[in-house]
Amino acid sequence: MNTSFNLNTLLRDNIKKLVPYSSARDEFKGEASVLLDANENAFGSPLAHHYNRYPDPLQHQVKHKLSAIKGVPVENIFLGNGSDEAIDILFRAFCRPQVDNVILVPPTYGMYEVSANINDVPVRKVNLTKDFELDMENIAEAIDTNTKMIFICSPNNPTGNSINRKDIETILTYFPGIVVIDEAYINYSKHKSFTQELAEYPNLVILQTLSKAWGLAALRLGMAFASKEIIAIFNKIKPPYNINQATQELVLEALNGVDVVNEWIKEVVVQRDKLTEQLEKFEQIYHITPSDANFILVKLQEPRALYTFLVSKGIIVRDRSKVELCEGCLRITVGTPDENRNLISALQQFYK
């Protein structure tokens, strides 16, 4: 247990005093046949399914279903318009502009820094080691009394590796601020999620998404798991109806497909290993970072030229060659067997 963590001292004063907007659906609980409280169009909508009523502002049905799947109590779940909404709320809740700071560990997901810049919060960067692990000594040196959050992506994007669990646990135990672990790719990892550690670490916030393994990127539903006290802060700050009714309905339907998703995950891992084996045959590829995600980071000759060639073939990968510590690298998402074969065929043409 982190005895130095005090949520109340981390929270911005204006958020402590904030009286959240109270919507009509917040004030009324239960069932009714005549709804005349929210100034909705009582005649319906020009769609086969009526969308004239506001959605559940706290997404109770979706959270109860996710709770059963994730093994996390409903009161420890926040749903956002993508994980990006949860990231933004964290900055607005805990970081005073131009006063407090956060620590990022590049190379990592770019939205942490974008959100920090939007909220005018200084960023302290402590690069990962050459093996893409946490530089614990320099992280410790970077922390000061105004450091409010540390963001750790594991499995990491764009490198694909899982961060050493003991290092993360050390930070959770001794850092008095919020530790955000982004587990967007956890479904593809052999390592277990930190969601079962919520009771042990009051300063832990875990981000997950339905955009990757669940294949629901277009619906924009992100999840944050944390103590009920931190979740209450999320709900205090979020817009009243941040998850629309259509998304809630489609997600509820999709969550019935756990078995299908688990089969997809297994197939992606198989295809990831096969693709790695094929890529290793190219002498022009210097290094492939072992991946726990649904993508592979490869260091190779002429990354920009190859990227352009692949585009000409209708194959789009991600050029990461200008990212610090990823010089000369492309990030390749694991596709279907046919897509992966097309990629290998294109590489053979380029390197012939």
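Residues numbered from 1 in each chain as written. Predicted model: local features only at pLDDT ≥ 70, side-chain atom pairs only at ≥ 80, totals over all residues. Heavy atoms only, no water.

S.K.: Just to check I follow, could you spell out the packing of helix 5 (residues 83-94) against helix 6 (residues 111-118) for this structure?
M.R.: In a packed pair of helices, the relevant descriptors are the angle between the two axes and the axis-to-axis distance. Helix 6 packs onto helix 5 with a crossing angle of 45° between their chain directions and a minimal axis gap of 9 Å. Classed by the angle they form, the pair helix 5 and helix 6 counts as oblique. Crossing hand, helix 5 versus helix 6: right-handed. Taken together, the residues of helix 6 that come into contact with helix 5 (itself represented by Asp-84, Ile-87, Asp-88 and Phe-91) are Met-111, Tyr-112, Ser-115 and Ala-116. When the residues that make up the contact of helix 5 with helix 6 are grouped by side-chain class, the tally is 5 nonpolar, 1 polar and 2 charged. (Axes fitted to C-alpha atoms, helices over the stretch in contact; angles between N-to-C directions. Helix = DSSP H or I, 4+ residues; strand = E, 2+ residues; numbered from the N terminus. Parallel < 35°, antiparallel > 145°, perpendicular 65-115°, else oblique. Left-handed = near helix turned anticlockwise from the far one by under 90°. Contact = heavy atoms within 4.5 Å. Nonpolar A, V, L, I, M, F, W, Y, C, P; charged D, E, K, R; others polar.)

S.K.: Is there a simple way to explain the environment of Gly-335 in this structure?
M.R.: Tracing the sequence through the fold places Gly-335 in the loop between strand 11 (329-333) and helix 13 (337-350). Once you skip the residues sitting within four places of it in the chain, Gly-335 turns out to touch Gln-271 and Asn-340.

S.K.: Any chance you could explain the domain arrangement of the chain here in plain terms?
M.R.: Accessible area lost upon the coming together of the parts serves often as the stated size of an interface. Per the domain assignment, the segments making up the chain are domain 1 (7-255) and domain 2 (259-351). With centres defined by C-alpha atoms, the gap from domain 1 to domain 2 works out at 29 Å. Opposite the 22 residues of domain 1 that make contact, domain 2 presents 20 residues. Between domain 1 and domain 2, the buried area comes to about 1,700 Å², and carbon and sulfur atoms account for 62% of it. (Domains from an automatic or database assignment. Buried area = accessible area lost by both parts, 1.4 Å probe.)

S.K.: Is there a simple way to explain the sheet that holds strand 7 (residues 221-225) in this structure?
M.R.: Adjacent strands of a sheet form backbone hydrogen bonds with each other and so pair up, either parallel or antiparallel. Spatial ordering of the open sheet is given by 1-7-6-5-4-2-3, a layout of 7 strands whose pairing is mixed. The open sheet has two edge strands, strand 1 (77-81) and strand 3 (123-125), and neither has a second partner. Here the average twist between neighbouring strands, direction ignored, is 25°. Strand direction decides the pairing type here: strand 6 (residues 204-209) and strand 7, joined by 4 bridges, are antiparallel. Counterpart to Thr-209 in the pairing with strand 7 is Gly-222. Running over the sheet, helix 8 (residues 165-174) touches strand 4 (147-153), strand 5 (178-182) and strand 6 and is turned about 155° from strand 5. (Pairing = 2+ DSSP bridges.)

S.K.: How should the UniProt feature "domain: Aminotransferase class I/classII large" (unreviewed entry) in the chain be read in this particular structure?
M.R.: The UniProt feature table records "domain: Aminotransferase class I/classII large" (unreviewed entry) at residues 49-347. Helix makes up 37% of residues 49-347 and strand 17%, and the two end C-alpha atoms of the span are 48 Å apart. (UniProt positions renumbered as here; feature names shortened; annotations may be inferred.)

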